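One-letter residues, chain by chain:
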Amino acid sequence: MTGPSEPRGERFADEGRRGPARSSDGPRDTGRGERSFERGDRFPRGDRPRGGQFGGDRARGGDRRGFDRRPVRPAVDLPRHVAYQAVAAVHRDDAYANLVLPAMLREEGLTGRDAAFATELTYGTLRHTGTLDAIITDAAGRDVQRIDPPVRDALRIGAYQLLHTRVPAHAAVSSTVDLVRSVGPGATGFANAVLREITTLDHDGWVAKLAPDRETDPVGHLALAYSHPQWIVRAFAEALGGDLAETERLLIEDNERPPVHLCARPGLVDPVELADEVGGAPGAFSPYAVYLPGGAPGDLRAVAEGRAHVQDEGSQLVANALAGAPLDGPDGRWLDLCAGPGGKAGLLGALAAQRGARLTAVEVAEHRARLVEQATRGLPVAVLATDGRSVGADPKLPEGHFDRVLVDAPCTGLGSLRRRPESRWRRQPSDLPPLTRLQRELLTAALKAVRPGGLVAYVTCSPHTVETHVTVTEAARRCGLPVDFVDARPLLPAGMPGLGDGPTVQLWPHRHGTDAMFLAVLRRG
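Keep in mind that what you see is a predicted model, and the values were worked out from it rather than measured. (Residues numbered from 1 in each chain as written. Predicted model: local features only at pLDDT ≥ 70, side-chain atom pairs only at ≥ 80, totals over all residues. Heavy atoms only, no water.)

**Structural notes on the overall build of the chain**
To keep things clear, this is the line we draw: In DSSP terms, a helix is any run of H or I states spanning at least four residues, a strand is any run of E spanning at least two, and both are numbered starting from the N terminus. Each residue is assigned to one of three classes by its accessible area relative to the maximum for its type, calculated with a 1.4 Å probe on protein chains only: buried under 20%, partly exposed between the two thresholds, exposed over 50%. Only heavy atoms enter the contact rule, under which two residues are in contact if any of them lie within 4.5 Å. Each accessible area value is a Shrake-Rupley result obtained with a 1.4 Å probe; residue values ignore everything except the protein chains displayed when judging cover.
In terms of regular secondary structure, the chain is built from 22 helices and 12 strands. When burial is assessed residue by residue, the chain has 56% of its 525 residues classed as buried. Taking the intrachain contacts of the chain between residues at least 6 apart in sequence as the baseline, contacts between residues at least 24 apart amount to 71%. As displayed, the chain offers around 21,600 Å² of accessible surface, 49% of which is attributable to carbon and sulfur atoms.

**Things to note about helix α7 (residues 149–164)**
What sets the pattern is the α-helix's 3.6 residues per turn: residues three or four places apart point alike. Quick reminder of the rule: Expected span of a helix: the number of residues minus one, times 1.5 Å.
Here α7 spans 22 Å end to end across 16 residues, near enough to the 22 Å set by a 1.5 Å rise per residue. Burial runs high along α7: 16 of the 16 residues are buried.

**Focus on the packing of aromatic side chains**
Aromatic ring pairs: the centre-centre distance and the angle between the two ring planes describe each pair. Under the convention used in this document: Between the rings of Phe, Tyr and Trp (Trp by its six-membered ring), a pair exists once the centres lie within 6.5 Å; its type follows the angle of the planes, with under 30 degrees stacked, over 60 edge-to-face, and the other angles tilted. Placement of a charge over a ring requires the Lys NZ or Arg CZ to be within 6 Å of the ring centre, with the centre-to-atom vector within 35 degrees of the ring normal.
Applying the stated rule across the entire model yields one aromatic pair. Taking 6.4 Å as the distance between ring centres and 70° as the angle between the ring planes, the aromatic pair formed by Y458 and F518 counts as edge-to-face. With Y458 in strand β9 (residues 450–460) and F518 in strand β12 (residues 518–524), the pair connects residues that are 60 residues apart, well separated along the chain. According to the relative accessible area criterion, F518 is buried, its value standing at 1%. Across the ring face of Y96, the terminal group of R426 is positioned such that the distance to the ring centre comes to 5.1 Å.

**Notes on the packing of α7 against helix α8 (residues 169–183)**
We apply this condition: Each axis is a line fitted through C-alpha atoms, and for a helix only the stretch in contact is used; angles between axes span 0 to 180 degrees, taken between their N-to-C directions. Put simply, angles under 35 degrees are roughly parallel, angles over 145 are roughly antiparallel, angles from 65 to 115 are roughly perpendicular, and the rest are oblique. Residues are sorted three ways: Asp, Glu, Lys and Arg are charged, Ala, Val, Leu, Ile, Met, Phe, Trp, Tyr, Cys and Pro are nonpolar, and all the rest, Gly among them, are polar.
Their axes nearest at 9 Å, the elements α7 and α8 cross at an angle of 170°. As far as their axial angle goes, α8 and α7 are roughly antiparallel. For the pair formed by α7 and α8, the contact residues are P150, V151, A154, L155, G158, Q161 and L162 on the first element and A169, A172, V173, S175, T176, L179, V180 and V183 on the second. Taken together, the residues that form the contact of α7 with α8 break down as 11 nonpolar, four polar and no charged.

**Here's the deal with unusual backbone geometry**
In the segment running from G340 into P341, the intervening peptide bond is cis, with an omega of 0°. One can find P341 in the loop between β5 (333–336) and α17 (343–355). Here G502 and P503 are connected by a cis peptide whose omega angle stands at -5°. Tracing the backbone shows P503 in the loop between β10 (483–486) and β11 (505–506). Its identity as a non-glycine residue notwithstanding, D94 has a phi of 55°, on the positive side. Position of D94 relative to the elements: it lies in the loop between α3 (78–93) and α4 (97–108). For D94, a relative accessible area of 54% translates into the label exposed.

**A closer look at the nonpolar core**
What counts here: Buried residues of nine kinds, namely Ala, Val, Leu, Ile, Met, Phe, Trp, Tyr and Cys, make up a nonpolar core once their side-chain atoms join them within 4.5 Å.
Residues I136, I147, L155, F190, V194 and I198 are the most contacted members of the largest nonpolar core, which totals 51 residues. Secondary structure elements with two or more residues in this core: α3, α4, α5 (112–127), α6 (129–140), α7, α8 and α9 (188–198). Counting 42 residues, the second largest nonpolar core, distinct from the first, contains A319, A345, V372 and M496.

**A short note on the confidence of the model for the chain**
Heads up, the rule is: Within a predicted model, pLDDT stands for the predictor's per-residue confidence, ranging from 0 to 100.
When pLDDT is averaged across the chain, the result is 88; 86% of the residues are at 70 or more. Under a pLDDT of 50 for its full length, residues 1–69 has, in the predicted model, 157 contacts with residues more than four places off or in other chains.

**Regarding the packing of α5 against α7**
Interaxial distance between α5 and α7 falls to 9 Å at its minimum, and their mutual angle equals 105°. Between α5 and α7, the interaxial angle falls into the category roughly perpendicular. The residues of α7 that touch α5, namely those facing F117, E120, L121, G124 and T125, are R156, I157, Y160 and Q161. Class assignment of the residues belonging to the contact of α5 with α7 gives a composition of four nonpolar, three polar and two charged.

**Concerning the pairing of strand β8 (residues 402–408)**
Within a regular strand, side chains alternate between the sheet's two faces. Operational definition: In short, DSSP must find at least two bridges between two strands for them to pair.
Most of β8 sits out of view: seven of its seven residues are buried. Pairing geometry for β5 and β8, over three bridges, is parallel. Following the sheet pairing, L335 is matched in β8 by V405. Direction of pairing for β8 relative to β9: parallel, over a ladder of six bridges. Across the sheet, residue V405 finds its bridge partner in β9, namely V456.

**Details of the UniProt feature "binding site: S-adenosyl-L-methionine" (unreviewed entry) in the chain**
Where we set the bar: UniProt positions are given in the numbering used here, feature names are shortened, and annotations may be inferred rather than shown by experiment.
Residues annotated by UniProt as "binding site: S-adenosyl-L-methionine" (unreviewed entry) correspond here to C338, A339, G340, P341, G342, G343, K344, E363, D387 and D408. Taking relative accessible area as the criterion, P341 reaches 47% and is therefore assigned partly exposed. If near-sequence neighbours (up to four positions away) are discounted, P341 is found in contact with R368, L371, V372 and A375. Tracing the chain through its elements places E363 in the loop between β6 (358–362) and α18 (366–375). A residue is classified by how much of its surface remains accessible, and E363, at 7% relative accessible area, is buried.

Shown next, in the form of structure tokens:
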């Protein structure tokens, strides 16, 4: 368990000399008007930690969910304050961490180590929420859902520091109690006691205590040990052929910080030159990929000038597979049927420019269509703000017209959980029926849009078999058109390992270092 130490110069450097955090209702009196909780003590007065409950907030006139209270200016350091605000926004407002956190960092002027520390606390806490909640429940002696939401989020951040970073325990406890003092003043003693209890075991010790037995309940064990919902663990295991050891490696990879990949747009910048320019390294598989060592990609001149864009290497590979697949006959009319926000359209547009082709990019949401326009500016791309299922009804989307069609279908996004830390807790199995219906309809529209002999690539950023194999098979069977599967494996770089038995391809974070992209290529007869 490694993680960042605290930024140098923080005031917590003195906290070890101050001793344990002070508490008004902690479990032990020191004789100096303070109470402390020593390592190994578990509520020595026979009491469970008190405070931090909804009832106490109502008694103080607060909202039942505590959502109407905002923390005053932080008693803690700024990185922890920003991390708390981001985590609270995710849980309180259904915000997305990758959107709210950068804005908060800019607003507070955090950069360098401070920004990295705030990011680590935010993303790490959100990824590990399931396991942290189980540990907090046990340490508090009550269900975590019965803890006042602001106090609960502060405890999650504190527990993450204790179990997943190199922050000294006394600093993690003290800073969290300070944070609780600003968001739930009546719960400081409760928070102190809960955190001191958490310090009695390390992460592996808590997993050994709380996780179901690996032999009798392997899915339950993996779910708690690696902080994923059980239904997602089952879906991953099924997609990996029931191999639980490989499933475990995938779950571990999901909890790691993902690298940032750039796409060097063909014809606009050479990937080796781009790697030198940004201090990165050429990708292992995609001929256009550059691995960025760190920093803010939006600040790069190559990105600002449109010579490169941020895009996972797996997304580059599936788009390039469609563009590179052998095709007889005309090859000048390409279609991206679900183009927003424009990453794959940007790559396809650059490739189309080199080959004298034109790309039609379709996006149903107008604001995302504007993003596609921005992403493809200067490229031979026409953007349509319309529903991709309108093929045949929209005169700009005639049937049998296009030579190559990409369907990057809306999906659960289970293949990119490492990039969206809160999504694993928001997605539910009930999301699947409406999504798979939409996926089948879009793929059917794509098969109608492509000319006889033309190619369709169906792509999802999810390995769930219902969204991949089942959707493709059912759409091909029901579309009423002659369709053949094309072996997608030769369309990826030679020597790329772990591509399976074909004809479809499933990429994996733990095998390829990419998001878990699925690719099926079909040829209309």
